[in-house]
Amino acid sequence: MSLYTDYLNEISTRKEQGLNPKPIDDGALVEELISQIKDLENEHRADSLNFFIYNTLPGTTSAAGVKAKFLKEIILGTVSVEEISAEFAFELLSHMKGGPSVEVLLDLALGADESVAKAAAGVLKTQVFLYDADMARLQDALDADNAVAKDLLESYAKAEFFTKLPDMDEEIEIVTFIAGEGDISTDLLSPGAEAHSRADRELHGKCMITEAAQKHIEELKLQHPTKQIMLIAEKGTMGVGSSRMSGVNNVALWTGKQASPYVPFVNYAPIVAGTNGISPIFLTTVGVTGGIGLDLKNWVKKVDEDGNAILNNDGNPILEQKYSVETGTVLKINTKAKTLLSEDGEELADVSAAFTPQKAEFMKAGGSYAIVFGKKLQTFAAEALGIEATPVFAPSKEISHEGQGLTAVEKIFNRNAVGTTPGKTLHAGSDVRVKVNIVGSQDTTGLMTMQELEAMAATVVSPIVDGAYQSGCHTASVWDVKAQANTPRLMKFMNDFGLVTGRDPKGEYHAMTDVIHKVLNDITVDDWAVIIGGDSHTRMSKGVAFGADSGTVALALATGEASMPIPESVKVTFKGKMADHMDFRDVVHATQAQMLEQHGDNVFQGRVIEVHIGTLLADQAFTFTDWTAEMKAKASVCISNDDTLVGSLELAKSRIQIMIDKGMEHENGMLAKLIAIADARIAEIKSGDKPALTPDDNAKYFAEVVVDLDQIVEPMIADPDVNNADVSKRYTHDTIRPISYYKAEKKVDLGFVGSCMVHKGDIKIVAQMLKNLEKANGKVEFKAPLVVAAPTYNIIDEMKAEGDWEILQRYSGFEFDDMFPKEKARTEYENILYLERPGCNLCMGNQEKAAKGDTVLATSTRLFQGRVVADSATKKGESLLGSTPLVVLSAILGRTPTLEEYKVAVEGIDLTKFAPPLEKPAGARSVHF
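Cut-offs used in this document
Residues numbered from 1 in each chain as written. Predicted model: local features only at pLDDT ≥ 70, side-chain atom pairs only at ≥ 80, totals over all residues. Heavy atoms only, no water. Buried < 20%, exposed > 50% of the residue type's maximum accessible area, 1.4 Å probe, protein only. Helix = DSSP H or I, 4+ residues; strand = E, 2+ residues; numbered from the N terminus. Pairing = 2+ DSSP bridges. Phe/Tyr/Trp six-rings, centres within 6.5 Å; stacked < 30°, edge-to-face > 60°. Lys NZ or Arg CZ within 6 Å of the ring centre and 35° of its normal. Right-handed = clockwise from strand over helix to strand, strands pointing away. Salt bridge = Lys/Arg side-chain N within 4 Å of Asp/Glu carboxyl O. Axes fitted to C-alpha atoms, helices over the stretch in contact; angles between N-to-C directions. Parallel < 35°, antiparallel > 145°, perpendicular 65-115°, else oblique. Contact = heavy atoms within 4.5 Å. Nonpolar A, V, L, I, M, F, W, Y, C, P; charged D, E, K, R; others polar. Disulfide = S-S within 2.5 Å.

Engineer: I'd like a rundown of helix α14 (residues 245–255), residues and numbers included.
Structural biologist: Since the α-helix advances by 3.6 residues per turn, residues separated by three or four positions end up pointing in the same direction. Burial analysis of α14 places 11 of its 11 residues in the buried class, which makes it a mostly covered element. Within the sequence span of α14, burial applies to Met245, Ser246, Gly247, Val248, Asn249, Asn250, Val251, Ala252, Leu253, Trp254 and Thr255.

Spelled out as structure tokens, the structure:
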């Protein structure tokens, strides 16, 4: 059988699912298409021609390489295809984005045929995805006095690839579609359970919201053919939880514009909105596609004559509607005046924040990649010609306040800034290109990152990136058919690209399914580093880390840079003393609760939390920084004491060495380089040359929060509050309740200890509680299942060595076996202990799930509807979040405990403690960057 026959069989299968033929990325299949195109009598010629023109993926796919080569032959006249003229061949090359297409265009532009060279140069002037090898060819040609090369470089120096694009429409007509009330998680737009299909854009698009919603959107498009659909989070924030490029892709697929007639299912320019705007990391993803994200402010707090918010019986502010955006409402966006208007032209809202000069450039260019690569190309061309680049792009916004000190994140950005005014100190609000030190890709978004890298024609990780890692944790629970099909090819691609990979494509080292955030926390070996990761929980306890979409991750891998405004900061400090029976997870919950008490609104949203945690090592501090994603913060920065930071770096070195010892080192020597960076940083700290990162005394903060540890007297639970009459209050992380609220009556159907929110100390707590309860009662009986998934293999190895793993094994009814991994997700649970493979497990929701309608108490981070547990026909599923000891005891009791029961159960157990730093860190007065 031929590849083409296999493809026809796949087409037949997809047709039964209501799907079109899958876009082609295999060069060998394109070779067969070409063979059939050349054969004028071939029965499949017409279809082959159609697939070749309209269904072959661009970029650096092997299919794109074969396609570009064939188009070159057509242009040079060595092959003749009646349906593809030389002019059409050039048009097809212009839509292929780079890599082999740019190589072919350069061959033609720098070739001997003058007319062909001129036509090729005309196409090249529209392209921006040129890499070092392409630029080197142009430089060499310029040095050899090639007129075409000079003409091309002059065009690039003027940025004609951007200036000659059509301007954005002054007025955009839209029709509204309310996707839901309250905060809308990206899980609604791209469910974690469907993560396996994200790289198949058409198939994945079918999982957005519901079939009914999709049908309604299609009906609106038919009723309003000249308008764009705007997806809305009514009374909430759009896109909370994660960046989820697949979510934006889905929105664009249903409501956006087609990027190219020759590239199927790749759309751009979606319009999304929320009463409270767009989640910061999701908004970055919207920018990747040249989309628009609006803050509607269509519901406002009702106030009395003194300006105070009027509260309802539950103590929540009463909201009143300023204007309606109910589904089907026709509105207009004036992109010049930057206002949202009614159909009749009445001004409803100022939306200028959505149309900053930088965002407007993304919209004009069809996405942020074209701007990033275009600026780099313009700079190169100007330098090659020895001239000044023509001012075209909006200048970087540089905000500097004389006499004002720097917050920690401002210091990090100043140290890593690229292309800013020399010697100028930048403060929050400045738009900055920054060098990225560490990049992480995870396995459910990695296939999309792979596609993005291929689309932008990148072939190797940027040499300025210190460390880059591809995880396997999000698909660790079940080695099913989907994982077997996707994971090996992802690992091979990323390893070939230059990343250290959790699983070895060659099978030479044991598969590592360690949670990506834990690995990134270890390989971050500098407190001044910038980290970008393909997951919202990329929140390291060293440096500053930003969760990002798969495209931004690809851009960071390819260029070693990221672009963003310097965020404002909120300073969090602590006072008082932790009670002996409390766990640090309760401090994390209390921070959210006390912040809301002190400020009313969530001052963390969209800002950096600068947490003065000082005395906690990286593993424990990560519990706080990880949670900042749920606080809706953009990022977090930990302020550590010198000794604590040195201890964290030494721990990181030992973990990196374990990776090397396991055979995970890349041939580029990446892991060894990270150890060297850690050694250099430790030496700086110990010598006093450069102490641990601290803010300046006169730094300016948006707000300050002081957490009183004395107020934390009982375990706390983040409750999804699934039956709140106000739907906008459901499934947020703002409802923090003490266990006494539940009066020991809250039934718990399943307990889960795992995900990135736990460390070795947590797994030891599970063992210690079992030992204590066994000693007191003779035997421990579970009245609800308890699932334990250590975040890393190191933890299990160390616990085995220390003798703590044995009691877990004794009580387990299931223990993972890497020799025989599960091939099917668990659907039913017994009242036993499950020792699951290291990884995300229930928290991810794409493989393992609790039974529908269950009440789950978990240490994880996710309480969104349907994520950990789906609703049943009779009961809403609940994902309550708490500390490890609380989860363990609740699984044993089958309910939430009383405070006294809890105190007895944890007596003598070494819980995760925290004592605020007593002394101010040295060096806080000086500015370092």
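From this point on, the discussion continues.
Engineer: Tell me what's going on with the pairing of strand β32 (residues 855–858), and back it up with residues and numbers.
Structural biologist: Along β32, one buried face is formed by Thr855 and Leu857 and the opposite face, lined by Val856 and Ala858, is buried too. Pairing of strand β28 (residues 750–754) with β32 involves three bridges; the strand directions are parallel. Each residue of the ladder has a partner; that of Gly751, found in β32, is Leu857. Of the pairings in the sheet, the one linking β32 to strand β33 (residues 878–881) comprises four bridges and is parallel in character. Bridging from a neighbouring strand, Val856 pairs with Ser879 of β33.

Engineer: Quick rundown of the sheet that holds strand β15 (residues 431–435)? Include the residues and the values.
Structural biologist: If you walk across this open sheet you meet the three strands as β14-β15-β21, and the pairing is antiparallel. In the strand order of this sheet, the two ends are held by β14 (417–418) and β21 (561–565), each with one partner.

Engineer: So, the packing of aromatic side chains: which residues are in play, and what are the values?
Structural biologist: For the coordinates displayed, the defined rule picks out 18 aromatic pairs. For the ring pair Tyr156 and Phe161, a centre distance of 6.2 Å and an interplane angle of 50 degrees mean the geometry is tilted. Both residues of the pair, Tyr156 and Phe161, count as buried. Counting every residue linked through ring pairs, the aromatic cluster contains Phe574, Phe584, Phe624 and Phe914. The ring of Phe162 has Lys364 sitting right over it, with the charged end atom 4.6 Å from the ring centre. One cation-aromatic arrangement involves Arg607 over Phe702; the distance from NZ or CZ to the ring centre is 3.4 Å.

Engineer: Lay out the pairing of β28 in plain terms, naming residues and giving numbers.
Structural biologist: For β28, a buried count of five out of five residues is recorded, marking the element as mostly surrounded by other parts of the structure. By the alternation rule, side chains of β28 split into Leu750, Phe752 and Gly754 and Gly751 and Val753, which are all buried. Two elements, β28 and strand β29 (residues 786–789), share four bridges in a ladder whose sense is parallel. Within β29, the position partnered with Gly751 by the bridge is Leu786. For the handedness criterion, the β-α-β arrangement of β28, helix α27 (residues 760–777) and β29 is classed as right-handed.

Engineer: Now, about the pattern of salt bridges: what can you tell me, with residues and values included?
Structural biologist: Two side chains with opposite charge may pair up if their charged atoms get near one another. Evaluation of the coordinates by the stated rule reveals 49 salt bridges. For Arg867, the salt bridge goes to Asp187, with nearest N and O atoms at 3.5 Å. Placement of Arg867 in the loop between β32 and β33 and of Asp187 in helix α11 (residues 186–189) is noted, with a sequence separation of 680 residues between them. Like Arg867, the residue Asp187 is buried in the burial classification. Among the ionic contacts, a cluster of salt bridges with common partners joins Lys760, Lys764, Lys771, Glu798, Glu802 and Asp804.

Engineer: Outline the packing of helix α1 (residues 3–16) against helix α2 (residues 27–38), supporting the account with residue identities and numerical values.
Structural biologist: At their nearest, the axes of α1 and α2 sit 9 Å apart, and the two run at 100 degrees to each other. By the criterion of interaxial angle, the relationship of α1 to α2 is roughly perpendicular. Contacts from Leu3, Tyr4 and Tyr7 in α1 reach Ala28, Leu29, Glu32, Leu33 and Gln36 in α2. Considering only residue class, the contact of α1 with α2 consists of six nonpolar, one polar and one charged.

Engineer: Any chance you could break down the state of the cysteines for me, citing the residues and the numbers?
Structural biologist: Going through the model one piece at a time under the given rule, you end up with zero disulfides. Not engaged in a disulfide, the cysteine Cys638 finds its nearest cysteine sulfur in Cys756; these two sulfurs lie 14 Å apart. Exposure remark for Cys638: the relative accessible area of 8% places this residue in the buried category. Cys756 takes part in no disulfide bond, and the closest cysteine sulfur to it belongs to Cys843, at a distance of 5.9 Å.

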